[in-house]
Amino acid sequence: MKVIIIGAGVAGLAIAWRMAKSGAQVLVLDRAQPARGATYASAGMIAATAEIAVAGSPGVLFGRRSRDLWPDFAKELESASGVEITFRQDGALIVSAGSEDAERLQREAMGGEAEFLSPEQARMRAPMLPPDIAGALWAPRDGQVDNRALGQALTNAAIRAGAKLSANEAAVRIEQADSGEFVVLTAFRIHRADVVVLAAGAWSGQIGGLAADLPIRPVKGEMLALAAPEGEAMPGPLLWGHGVYLVPRKDRIFIGATVEEVGFDTKPSAHARSWLLERAHALVPGLREWSVREHWAGLRPASPDGLPIIGESGIPGLFIASGQYRNGILLAPALAEAVAQLILKLEPAEEIAAFSPVRFDRAL
Ligand SMILES: Cc1cc2nc3c(=O)[nH]c(=O)nc-3n(C[C@H](O)[C@H](O)[C@H](O)COP(=O)(O)OP(=O)(O)OC[C@H]3O[C@@H](n4cnc5c(N)ncnc54)[C@H](O)[C@@H]3O)c2cc1C
């Protein structure tokens, strides 16, 4: 079976790895370098509790399923790629500033996977938190992965499993010949395949031909990385509060993220920088002594109803893996597993039906 995957982000690469391992002949096309899109720009959180709010929805179930796949996925990936990806389940603290907020968090904790901590208990887990917090929700199973290393690891693993990767080659159009074979046109070549997987992140709706109607839009997110003053560090859990999150990674802390509907613009802005710093300082006042080392922006792939678009389109053999929005790193293991199962005509996880591309009233 010949498979063409359009897009070498976390989604396309994880699917490529899975499909190459199953014996398919896989070609991955990327318009730039692999894993340099949202995968590179992200915070790398595996936050099935902190990031996903609506308990019981298919998005939550799928997120938890993927979270549960992560430990084995990480181990297998490190040994297949030879790249350390530093997957950790250090938990997340969702900090509450006011008492009304604290009560709401407590209520949410009762139905969910998290427990409510008093200010003292929260500060034992994260001593840099100020004493005037009202408490925090503790999500012990949330964690993180080094997303930049993850991109490298998936690239290595896919290639080692036999996938071919063509960088700097954008897919321009997807067509289907009378024989049923798919034709993917790029500026350089015409590629042919039995199966096409469209996994081009925020750009998934930009490719002409059969998938031109895919309703995916970019949502910009800006982030900062702060470096610790000499001799200081802040290891420990992810911290959420004041509308931002903090991700401790080695001697740095990532602050994220803005949510902006500004098309394909990826310029970091002074406005976002001060917004992120102000909120991070309110959450952890000690960060005023840390210095900004990096400021970047990326584009999340968003669908009209906020759920991912994963599955076979109305055109048999044309699969979509997009719309993961804020959770594409979290969802990677479950997404790759589901798409590979669908291509191989195996039974995928039940909740995947809710993500079918055919739910939109369009040609796809
Ligand atoms: C600031 C920020 C923070 C985030 N934090 C988190 C987080 O903590 N946890 C989490 O789970 N998720 C997070 N996300 C979301 C996550 O990054 C995305 O959902 C995920 O990376 C999407 O992966 P992807 O492979 O679909 O897209 P991408 O990583 O964007 O990859 C798409 C690839 O397709 C290529 N491409 C585009 N057009 C074409 C074409 N025509 N032909 C060939 N190739 C093409 C691009 O070059 C790119 O390499 C964050 C996102 C942002 C922006």
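Cut-offs applied
- Residues numbered from 1 in each chain as written.
- Predicted model: local features only at pLDDT ≥ 70, side-chain atom pairs only at ≥ 80, totals over all residues.
- Heavy atoms only, no water.
- Helix = DSSP H or I, 4+ residues; strand = E, 2+ residues; numbered from the N terminus.
- Rg over C-alpha atoms; globule rule 2.2 N^0.38 Å.
- Buried < 20%, exposed > 50% of the residue type's maximum accessible area, 1.4 Å probe, protein only.
- Contact = heavy atoms within 4.5 Å.
- Lys, Arg positive; Asp, Glu negative; His and termini not counted.
- Charge placed at Lys NZ, Arg CZ, Asp CG, Glu CD.
- Salt bridge = Lys/Arg side-chain N within 4 Å of Asp/Glu carboxyl O.
- Near = heavy atom within 4 Å.
- Polar contact = N/O pair within 3.5 Å; in protein donor to acceptor, adjacent residues only side chain to side chain.
- Areas by Shrake-Rupley, 256 points an atom, 1.4 Å probe, with all protein chains shown as cover.
- Nonpolar A, V, L, I, M, F, W, Y, C, P; charged D, E, K, R; others polar.

**Student:** Quick rundown of the overall build of the protein chain? Include the residues and the values.
**Tutor:** In terms of regular secondary structure, the protein chain is built from 8 helices and 20 strands. Relative to the 2.2 N^0.38 estimate, which gives 21 Å for 364 residues, the radius of gyration of the protein chain is 21 Å and therefore close to what a compact globule would have. Within the protein chain, buried positions represent 55% of all 364 residues. For the protein chain, contacts bridging at least 24 residues in sequence account for 73% of all contacts bridging at least 6. Each charge class in the protein chain can be summarised by its mean position, and for the 36 positive and 41 negative side chains these summaries are 4 Å apart.

**Student:** Describe the pattern of salt bridges, and please don't skip the residues or the numbers.
**Tutor:** Following the criterion strictly, the structure yields 16 salt bridges and no others. Salt-bridge contacts for R65 lead to E337; the nearest nitrogen and oxygen are separated by 2.7 Å. One end of the pair, R65, is in helix α3 (residues 58-81); the other, E337, is in helix α8 (residues 328-343), and 272 residues separate them in sequence. Measuring nitrogen to oxygen at the nearest pair gives 3.4 Å for the salt bridge that ties E222 to K220. As far as burial versus exposure is concerned, E222 and K220 are alike and both buried. Here the residues in one salt-bridge network are K220, E222, D265 and K267, joined through shared partners.

**Student:** Pulling in residues and values, what's your account of the site of the ligand?
**Tutor:** Neighbouring residues of the ligand: 38 residues in total, closest D30, T39, M45, R326 and L330. For the ligand, an oxygen atom lies 2.6 Å from a polar atom in the side chain of D30. In the model, a nitrogen atom of the ligand is placed 2.9 Å from a nitrogen or oxygen of the A171 main chain. Relative to its unbound accessible surface of 1000 Å², the ligand loses 97% to contact with the protein. Every element with two or more residues in the shell around the ligand is listed here: α1 (10-21), α2 (38-41), β14 (217-227), β18 (291-302) and α8. Considering each element in turn, the shell around the ligand owes the most residues, 4 residues, to β18. Residues that form the shell around the ligand fall into these classes: 22 nonpolar, 12 polar and 4 charged.

**Student:** Break down the side chain of T186 for me, with residues and values.
**Tutor:** Tracing the backbone through its elements, the reader meets T186 in strand β10 (residues 182-186). When its relative accessible area of 11% is taken as the criterion, T186 is described as buried. A polar contact of 2.6 Å, which involves the side chain of T186, links it to the side chain of E169. In this structure the side chain of T186 is engaged in a polar contact, spanning 3.1 Å, whose partner is the backbone nitrogen of F188. Among all residues touching T186, those that are not within four sequence positions of it are L29, E169, A170, A171, V172 and H191.

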